[in-house]
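Residue-level structural notes
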Amino acid sequence: MSNQDLAQMFLDIADILEIKGVQWEPRAYRKAALTISTLAVDISDIYRQGKLMELEGVGPSISKSIEEYIKTGKMSKYEKLKKEYPIDFTGFRKIQGLGPKRAYALYKELKIRNVDDLKAALEKNKIRGLEGFGEKSEEQLKHNLESFMKVREERKMLGYAIDYFEDIVGRMRKSELFEDVEIAGSARRMKETVGDLDILATSKRPKEGMEFFTKLKDINEIIVKGDTKTSVKLSIGLNCDLRIVDGKCFGAAMQYFTGNKDHNVKLRKIAIGKGLKLNEYGLFRGDKSIASHTEKEVYNALGMDLIEPELRENTGEIEAAQKRSLPVIIGYDQVISDLHTHTLDSDGANSLEEMIAGAQRLGHKYIAVTNHSKSLRIANGLDEARFSSFNKKIEKINESSGIKVLKGVELEILKDGSLDLPAKVLREMDFAIGALHQNTKMPRKELTDRLLKAIQSGLINAVAHPTGRKIGEREAFDLDFQKIFEACKSNDVSLEIDGYPERSDLPFDLVKEAKSYGVRFSLASDAHRTDQLRFIRMATAIARRGWLEKKYVINSLDYRQFLKLKR
DNA sequence: GCCGTTTTCGGCCCGACTGTTTTCAGTCG
């Protein structure tokens, strides 16, 4: 049982109620599902503390359902509805363009209950011709089935999983059964999505260590269990491998199990070229190990500088390390601000004061509060008057607060490239981020020109989540990024690196490309609630994966220097 | 079903887009 499972059940309930034509309950269940799925802690912990009702969107009825589910593993409301509508809504939700109503229509007409049934029906072209479906719907379903299933099913977003991972590792460290416990694999490389968790440890009592590990509460199922390697299924639905290695070769093992594969293949080739052999136990000349204790030793012995885990993608980092020309990438502690956040004045869940306190807890020196502008009505965007009074509130707070607050806006770039607020209002802002949210399915040239017009306006400081992609949900905009990068450079407009897990936008490869144009970057959590402020770490990870030195990241400027950027 | 300095009852984001309609339903954000 996990937060995600519970959230999916509530979403199923919402879907079924919607099919039944129930008016408002679906919305309530969806809201509760959203709250639960973005929780940083296990829902059963909240239940034990008796604090279920304090969760946003959880009232008497839903909290009873949660309690029932935690206690019995079942939820009667869910079971009853599911019996009436035996449809795999959870699976269908992953397919774009297939909502509850159409899923029900497919079930009613063709007895399609799950994704496999759908696949079969699509192959036989059975769906075109159904009422409400035509040839195009069928083609679209085929396409979306292909392109969105995989990533959703097999990988998790690291931004959500990392605290859970570190909690597991933390409890292992506390047990004192291990000398070292570290995360390896793609999680260590801080990849946006991860397919499993690799943990590496050293221990004088490996049997007890393995025993302790398999009894952790997060482990649902043991796949294999041995003295040096154990594989389990975690409660969040990912596999996890724990390897216990000899302390003497911990560095070599970390190197080996951190990857990625291509990076390691190239290192092994280099080793062979030097008459050496590299494996998880060390770098060997004949039978003699010449480096294995630390990763640094291994890299140095191969004739190169240590390469940070975030860079290990075999995209030129090895060559740069050999030439001793790797960039000194920005450190997690050098990002001293968050430049894109929301409060409940637009679509956030916490007050300005709460968000400021949250940012202060993370050690930020300043924070830009960037609520939506008026045209994004879905997000309760602010108009001139509301911004004016909101900004006065910020000025008041800045008189006394230790942490500084920037007057910001996530500003709609309208269909014709004009901006959603007048220049006069924007000049009063400290930080304006232009954003595309609506009418984004334009032809490449039109959409590019629209964004260029905003960049050249002289009124925005940055471009929010530039590609607009959402991992596993929505593809990136069709934009001519070379033109965008050039314009950003010549107009001194930053590109945002949005650390909100689904966004992770700009993606690291584009960051690297943009850097070559001399563009600067603004890092942000895009937090809509205080516990999402932690996503700044994911933004920093992307900056590092994109080879950014400190000087490219405007969040590293101190408050005074930052204000000089003001347009 | 949840929520509350407009409310403990009566509201609950609503407009754009798409494909299927021949005036609209479903989905999305």
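Note that the structure is a prediction, hence the values are computed from the model and not measured.

The 5 strands lie next to each other as S2-S4-S7-S6-S5, forming an open sheet whose pairing is mixed. Unpaired on one side and paired on the other, strand S2 (180–184) and strand S5 (219–225) mark the two borders of the sheet. Averaged over neighbouring strand pairs, the angle between their axes works out to 25 degrees when direction is ignored. One ladder, built from 6 bridges, connects strand S4 (residues 196–202) with strand S7 (residues 239–244); its direction is parallel. If you follow Asp196 over to S7, its bridge partner there is Asn239. The sheet strands contacting helix H10 (residues 158–174) are S2, S4, strand S6 (229–234) and S7, and the helix crosses S2 at an angle near 165 degrees.

Going through the model one piece at a time under the given rule, you end up with 12 aromatic pairs. Aromatic side chains Tyr366 and Phe562 sit 5.2 Å apart centroid to centroid with 50 degrees between the ring planes, which places their arrangement in the tilted category. Of this pair, Tyr366 sits in strand S12 (residues 366–372) while Phe562 sits in helix H24 (residues 559–563), and the two are 196 residues apart along the sequence. For the residue pair Tyr366 and Phe562, the accessibility class agrees, reading buried in each case. Members of the aromatic cluster, joined through ring pairs, are Tyr366, Phe431, Tyr559 and Phe562. Just above the ring of Tyr107 sits the side chain of Lys111; from NZ or CZ to the centre is 4.8 Å.

With that out of the way, let us pick up unusual backbone geometry. Each neighbour pair has its own omega, and for Gly259 with Asn260 the value is 0 degrees, a cis peptide bond. Take Asn260: it is sitting in the loop between helix H13 (250–258) and helix H14 (261–273). Cis geometry marks the peptide bond from Asp505 to Leu506, where omega comes out at 10 degrees. Structurally, Leu506 can be placed in the loop between strand S16 (494–498) and helix H22 (508–515). Although it is not a glycine, Asn380 sits at a positive phi angle of roughly 55 degrees. Among the secondary structure elements, Asn380 is positioned in the loop between S12 and helix H18 (384–400).

Basis of the calculations
Residues numbered from 1 in each chain as written. Chains lettered and ligands numbered in written order. Predicted model: local features only at pLDDT ≥ 70, side-chain atom pairs only at ≥ 80, totals over all residues. Heavy atoms only, no water. Pairing = 2+ DSSP bridges. Helix = DSSP H or I, 4+ residues; strand = E, 2+ residues; numbered from the N terminus. Axes fitted to C-alpha atoms, helices over the stretch in contact; angles between N-to-C directions. Contact = heavy atoms within 4.5 Å. Phe/Tyr/Trp six-rings, centres within 6.5 Å; stacked < 30°, edge-to-face > 60°. Buried < 20%, exposed > 50% of the residue type's maximum accessible area, 1.4 Å probe, protein only. Lys NZ or Arg CZ within 6 Å of the ring centre and 35° of its normal.

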